[in-house]
Amino acid sequence: KQEVTQIPAALSVPEGENLVLNCSFTDSAIYNLQWFRQDPGKGLTSLLLIQSSQREQTSGRLNASLDKSSGRSTLYIAASQPGDSATYLCAVRNAGNMLTFGGGTRLMVKP
Amino acid sequence: GAVVSQHPSRVICKSGTSVKIECRSLDFQATTMFWYRQFPKKSLMLMATSNEGSKATYEQGVEKDKFLINHASLTLSTLTVTSAHPEDSSFYICSAREQGGHNEQFFGPGTRLTVL
C-alpha cells in the first residue's frame, strides 16, 4: 500500500526566504506526482504535475523535482511571500490510477 | 486549468436530515469523479470513486448506504449524506478527472457540512 509522507508538518519563515518542502513515497511505481495548495476552508489548487518520466517542473517561483527511484519529491519556493501561506499537499498517482495524499505541510510566511 | 464547482459551499442541518452536495465539471467532461472527506488539519481521505453511468466504488470503512453517490452525467456527480449525524460534520471535497486528459485531477472548492 502506497504511503506518502511530508516533512515538515509545519513551517514558519520570514518573508523573502527560499524554502523546500519534502515529500516521500514508499512505492516508486508511480504514474505521476502532483503538488497542491490548500487555503483554510478551501479546496485544492493544483500547482505542479510531474509525470513519472520527468525530473522537474517549474511554474513561476515554484519548482518541483521528482526522484522516482528514491521515492522523493521536493517543492522549492523562491523568495517566499506572505501570500504563499497555505497548506501544501503532495499526492502520487499509482498504476491503479488512484491519488494518495501526504499529510501536508502548513506554511506560514511572516511579513 | 479545468474548473470544478461544488454546491452548496456550506450547509448546516439538523440531525436526521439528508443533505445533497453537487459536484460539476464546468468546462470539461469527467468520466471519473472522486469524493473526499477532510477532517480539521488532516489530509484528504478518499471516500469513493464514481464512473459515469456506473455504481460508485467505496473505500473500506465508508458506508455506501450512508453516503449515496450518483454520477448520472459526464459533468455532474452528487453525494447525499443520509440521516446525517453530528459525526458526519466535515469538509467534503469532490474531484474530477478529465476524459482523455493527462490523468490530472481537478478539485472543487469543498463543502463544509455541520450537523447540529
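Residues numbered from 1 in each chain as written. Chains lettered and ligands numbered in written order. Predicted model: local features only at pLDDT ≥ 70, side-chain atom pairs only at ≥ 80, totals over all residues. Heavy atoms only, no water.

Moving on, we get to the state of the cysteines. If you walk through the whole model with that rule in mind, you get two disulfides over all chains. In this model C13 of chain B remains outside any disulfide bridge; the closest cysteine sulfur is found in C94 of chain B, 18 Å from its own. (Disulfide = S-S within 2.5 Å.)

This part takes up the side chain of Q105 of chain B. Of note, Q105 of chain B is situated in strand β10 (residues 105-107). The class for Q105 of chain B is buried, based on a relative accessible area of 0%. A distance of 2.8 Å separates polar atoms of two side chains, one belonging to Q105 of chain B and the other to S95 of chain B. Contacts of Q105 of chain B, omitting those with residues within four sequence positions, involve Q34, F36, R93 and L99 of chain A together with F34, Y36, S95, A96 and R97 of chain B. (Helix = DSSP H or I, 4+ residues; strand = E, 2+ residues; numbered from the N terminus. Buried < 20%, exposed > 50% of the residue type's maximum accessible area, 1.4 Å probe, protein only. Polar contact = N/O pair within 3.5 Å; in protein donor to acceptor, adjacent residues only side chain to side chain. Contact = heavy atoms within 4.5 Å.)

Before going further, it helps to spend a moment on the sheet that holds strand β7 (residues 67-73) of chain B. All names here are of chain B. Strand order in this open sheet of four strands is β1-β3-β8-β7, and the pairing throughout is antiparallel. Of all strands in the sheet, those with a lone pairing partner are β1 (4-7) and β7, marking the two edges. Strand-to-strand twist across the sheet, computed as the mean angle between neighbouring axes with direction ignored, equals 15°. Sheet topology note: the strand β3 (residues 19-25)/strand β8 (residues 76-81) ladder contains six bridges and is antiparallel. Bridging from a neighbouring strand, V19 pairs with V81 of β8. (Pairing = 2+ DSSP bridges. Axes fitted to C-alpha atoms, helices over the stretch in contact; angles between N-to-C directions.)

A few words now on the nonpolar core. Nonpolar side chains in soluble globular proteins generally cluster together in the buried interior. Among the nonpolar cores identified, the biggest contains 25 residues, and V4, W35, F67, L79, Y92 and L113 of chain B are the most heavily contacted of them. Looking at this core, the elements with two or more residues in it are β2 (10-13), β3, β4 (30-38), β5 (44-51), β7, β8, β9 (90-98) and β11 (111-115) of chain B. Leaving out residues up to four positions away in the same chain, F67 of chain B has contacts with R37, M47, Y58, V62, L79, T80, V81, D88 and Y92 of chain B. Formed by 22 residues, the second largest nonpolar core is a distinct cluster that contains C23, F25, A86 and V92 of chain A. (Core = buried A, V, L, I, M, F, W, Y, C linked by side-chain atoms within 4.5 Å.)

Here we come to the sheet that holds strand β1 (residues 4-7) of chain A. Residues and elements named next belong to chain A. The sheet built from five strands is open, its strands ordered β1-β3-β8-β7-β6 with antiparallel pairing. Bordering the open sheet on either side are β1 and β6 (56-59), each of which pairs with just one other strand. Shown here is a sheet whose adjacent strand axes are inclined to one another by a mean of 15°, direction ignored. Judged from the four bridges that link them, β6 and strand β7 (residues 62-67) form a sheet pairing that is antiparallel.

Taken together, the contact pairs 20 residues of chain B with 21 residues of chain A. Across the interface of chain B and chain A, roughly 1500 Å² is buried in total on both sides, 51% from carbon and sulfur atoms. Between chain B and chain A we count zero salt bridges in total. Linking chain B with chain A are four residue pairs in polar contact (both at pLDDT 80 or more), by the criterion used here. Elements supplying a minimum of two residues to the side of chain B that touches chain A: β4, β5, β9 and β10 of chain B. The class makeup of the residues in the side of chain B that touches chain A is eight nonpolar, eight polar and four charged. (Buried area = accessible area lost by both parts, 1.4 Å probe. Salt bridge = Lys/Arg side-chain N within 4 Å of Asp/Glu carboxyl O. Nonpolar A, V, L, I, M, F, W, Y, C, P; charged D, E, K, R; others polar.)

Residue and element names in this part refer to chain B. Most of β5 sits inside the fold, with six of its eight residues counted as buried. Judged from the seven bridges that link them, β4 and β5 form a sheet pairing that is antiparallel. Across the sheet, the residue bridging to M33 is S50, located in β5. Adjacent in sequence and paired antiparallel, β4 and β5 are bridged by five residues, among which K41 carries a positive phi angle near 60°. By the bridge criterion, two bridges tie β5 to strand β6 (residues 57-58) in an arrangement that is antiparallel. Pairing of A48 across the sheet is with Y58, part of β6. Following β5, the chain reverses through five residues before pairing antiparallel with β6; G53 in that reversal takes a positive phi of roughly 85°.

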